[in-house]
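Survey of secondary and tertiary structure
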Amino acid sequence: MWDGEAARAALPAVLEGFGVTVLATVPAFAVAMALGLVLALVQRAGPGWLALPVRGAAAFVRTTPLLVQLFAAWVLVPALDAPVLGVLVLGTHYSTYLSEVYRTGIDAVPKGQWEACTALSLPRRRVWRAVVLPQAVRNVLPPLGNYAVSMFKETPLLSVITVHEMVHEANAFGSTHFAYLESFTLAAAVFLLASWPTSVLVRRLEARLAA
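The following paragraphs examine the structure supplied in this document. (Residues numbered from 1 in each chain as written. Predicted model: local features only at pLDDT ≥ 70, side-chain atom pairs only at ≥ 80, totals over all residues. Heavy atoms only, no water.)

If you check the backbone angles, T162 has positive phi at about 70° while not being a glycine. Counting through the fold element by element, T162 comes out in the loop between α6 (124-154) and α7 (166-177). Residue classification places T162 among the partly exposed positions, given a relative accessible area of 44%. The backbone of F178 shows a phi angle near 50°, a positive value even though the residue is not glycine. Residue placement: F178 occurs in the loop between α7 and α8 (180-210). On the basis of relative accessible area, F178 is assigned to the exposed category, the value being 75%. (Helix = DSSP H or I, 4+ residues; strand = E, 2+ residues; numbered from the N terminus. Buried < 20%, exposed > 50% of the residue type's maximum accessible area, 1.4 Å probe, protein only.)

Relative to the assigned elements, H177 resides in helix α7. Residues H177 and A10, spaced 167 residues apart in sequence, show a C-alpha to C-alpha distance of 9.0 Å.

Its volume calculated, the largest pocket comes out at about 160 Å³. F18, V22, T25, V26, F29, A148, V149, F152, A194, S195 and T198 together form the lining of the largest pocket. Mapped onto the lining of the largest pocket, the elements with two or more residues apiece are α1 (4-45), α6 and α8. No other element matches the five residues that α1 contributes to the lining of the largest pocket. (1 Å grid on protein atoms, 1.4 Å probe; cavity = no way out; pocket = protein on both sides within 12 Å on 5 of 7 lines; lining within 4 Å. Points joined across faces, edges and corners; volume = space filled by probe spheres on them.)

Listed below in structure tokens is the structure:
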């Protein structure tokens, strides 16, 4: 049965964990966006001797469970603090998905844009920087937002390497106060309240860009 007193007592711990969750999600997604763009450019425009192994490595990371990657990194790189390690692993894992998103956006740039750049004899670097990438990034903003929400909801996996994010704090409170129902319900509610508005904004952005 729901205990209001237990719920009120659990709220500070859950909110403290939420702060850790946000602090993990934001830099991890920044890593994913930057590294994902690099992976996409290497696979799309890099030399074959580099593009092929990068494509294989990205496919390996993308198809391997994130939980396994966290455990492996925790064992293999014990010198890094758990939060830093979690951010790097989470960001690297999602970068492989974002690289595919970026590649889709690049491929969606009209062929005429490439032909116009060739006709103007623009330098290759300027073509990518001033013509292709601005259009590609605009095309993929909604999928990027969806992956940001997805990453936010996967941060509880960081608890396996002792990162005290929201679900970890909810579980710790529940185990010490025998109030799992209240603590986990609050954690779920915070996840919903944080991710739902972002999902709505992403849908509106997608509709606006499609108009």
